[in-house]
Each structure stands twice: as structure tokens, then as C-alpha cells.
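Listed below, chain by chain, are the residues.
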Amino acid sequence: MLTLRKASDRGLANHGWLKSFHTFSFASYRDPREQGFSDLLVINDDRVAAGKGFGQHPHRDMEIFSYVLEGALEHKDTLGTGSVIRPGDVQLMSAGSGVAHSEFNHSATKPVHFLQIWIVPDVSGAKPRYQQEHFSEQKKRGRLQLIISPEGSHGSLKVRQDARVYAGLFDGEESATLKLPANRYAYVHVARGSIELNGVQLKEGDGVRVREEQALTLNNGQDAEVLVFDLRPQELPEMP
């Protein structure tokens, strides 16, 4: 069963220097029907103006990863980590017992467009840690490349949860199928372009909750970049 979440139905925060679309409830945007899906809590589609960004702020007990689509994002944290994240890079910060970080557009002239995604960990109070890896266009072209997993398999980043994240690029006749283990959920987010998922047409910003499906087939893409989340089969309660 596929449940579509249209891009146009997302929450929007427009602060001038920041334009952020919220797939799920976040900050001042609240929708009792959209409180995350399984352990996937946040998908924010952020565009930050040149030279602007988020000052240092704390996190605790959350797996937070950034996926840059255009431009460059500069990261600094209280672990002593500093890096610039560009397209193809995946950064995963496990906040654990507590960490503070800042995120700024690295460019003084060009905007940065990135996704920030939160996954609820399966352990509290763990030691904070930082990981970053580059996944080339070649690795993602016409296939689903594993970028995050519990075991850190195939060069992926290691997350503290029974969740796996895949990234893929699709255009024209390129196609890929992901078989889902029995009794698993999945979530598909179209980062850009358009594509078909099991025959359903999706556009940039669309998301799909997946239940009771044995396989996911992505095809007929038009300059599409897609993230697929393999998740535990659990539902978050709706807020009143």
C-alpha cells in the first residue's frame, strides 16, 4: 500500500534567508496526521541564502544526517568537527548524550539546497559521534546505493537504529528495484526531478509511506534524485 504525501501539502517556513519545507511536523508547523513515520521523524527541505545559516544549537538522542543537493554547507560542532558538505557527501551526526553544532552556507554568493533528516535512535545517552562519506554520482546512477545502515555495510554510515537509507539517480530508461523484507515499512522521498514508484507518478518534494509491499520499483525518471528508507513496521500515534 502506497500513501502519497504531496509536496504542496508540506509545511513551509519562510524566514527570508531560509526557506524550509517540512514533510513532517517541525518547529511551528504542526499537523496531527504528520508526526513522522516509524523511526523517521524529520525531513526538512532547506534552502539557505548566501552567507547565512543556523547558529550553534544543541541536540540530544537523535541521528541527524544532511544530504546536500546544490551548493556547499559548512558544519562545526562541539566534538571539534569542522567540514564542508557538498553534493554527493552524506554527513551523519549521532547526538547521543548531547552535542551542539552550527550550519552555514559556505558560499558568500550562492545559495545552498540540502535535506536535513532525523531518525530516532534505539539507544539513549550514547557517546556522540560524527561521520561523513562521499557517494559519487556513478555509485548512485541507475541504482539504489546504500548510504546509511545499522552495520555500516558496503561503506555506508552507521546509524543507531534498525533503518537503512538508499540514494539513487534516475533518468530515461534507468530503473531499480528494492526488495523489502517481510513486515517492513519504507518511505520514499523525491529530492528533485520526477519518477514513477510502482507505477505511481511522483514529483519533486513528494513522499510516499509504504506498507505491505514486497518490492519497490523506480523507473521513468526525469533528472530524478531519490532517497528510500527501509524502516521498522511501527506507527507513531497521532497527536490530538
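In this text the structure is predicted, and so the values were computed from the model without any measurement. (Residues numbered from 1 in each chain as written. Predicted model: local features only at pLDDT ≥ 70, side-chain atom pairs only at ≥ 80, totals over all residues. Heavy atoms only, no water.)

We now examine the sheet that holds strand β11 (residues 112–119). Strand order in this open sheet of 7 strands is β2-β3-β4-β11-β6-β9-β12, and the pairing throughout is antiparallel. Where the open sheet ends on each side, the last strands, each with one partner, are β2 (11–14) and β12 (129–134). Taken over all neighbouring pairs, the strand axes of this sheet differ in orientation by 15° on average, direction set aside. Pairing of β2 with strand β3 (residues 18–22) involves 4 bridges; the strand directions are antiparallel. Its bridge partner being in β3, L12 is matched across the sheet by F21. (Pairing = 2+ DSSP bridges. Helix = DSSP H or I, 4+ residues; strand = E, 2+ residues; numbered from the N terminus. Axes fitted to C-alpha atoms, helices over the stretch in contact; angles between N-to-C directions.)

For β3, the tally of buried residues reaches 4 of 5 residues, placing the bulk of the element in the interior. The hairpin formed by β2 and β3 contains 3 residues between the paired strands, and G16 there has a positive phi angle of roughly 85°. By the bridge criterion, 5 bridges tie β3 to strand β4 (residues 40–48) in an arrangement that is antiparallel. Along β4, the bridge assignment pairs H22 with N44. (Buried < 20%, exposed > 50% of the residue type's maximum accessible area, 1.4 Å probe, protein only.)

This brings us to the sheet that holds strand β8 (residues 82–85). The strand order β5-β10-β7-β8 describes an open sheet built from 4 strands, whose pairing is antiparallel. The open sheet terminates on both sides in strands that have one partner only, identified here as β5 (53–59) and β8. The sheet shows a mean angle of 20° between the axes of neighbouring strands, taken without regard to direction. Pairing geometry for β5 and strand β10 (residues 99–105), over 5 bridges, is antiparallel. Of the residues in β10, the one forming a bridge with F54 is E103.

Below, the discussion takes up the environment of S102. With respect to the helices and strands, the residue S102 is situated in strand β10. The contact partners of S102, leaving out residues within four places of it in the chain, are F54, G55, Q56, E74, H75 and K76. (Contact = heavy atoms within 4.5 Å.)

Tallying each qualifying case throughout the model produces 18 salt bridges. Of the charged contacts in the structure, one is a salt bridge between R232 and D39, with a shortest N-O distance of 2.7 Å. Linking R232 in the segment after β20 (215–231) with D39 in the loop between β3 and β4, this pair joins segments that are 193 residues apart in sequence. Its salt-bridge partner being R164, residue D162 comes within 3.1 Å of it at the nearest N-O pair. One network of salt bridges, in which partners are shared, links E151, D162, R164, R184 and D230. (Salt bridge = Lys/Arg side-chain N within 4 Å of Asp/Glu carboxyl O.)

Turning our eyes to something else, we now look at unusual backbone geometry. The backbone phi angle of H154 is positive, close to 55°, even though this residue is not glycine. Tracing the chain through its elements places H154 in the loop between β13 (145–149) and β14 (157–158). By relative accessible area, which is 72% here, H154 ends up exposed. If you check the backbone angles, N183 has positive phi at about 60° while not being a glycine.

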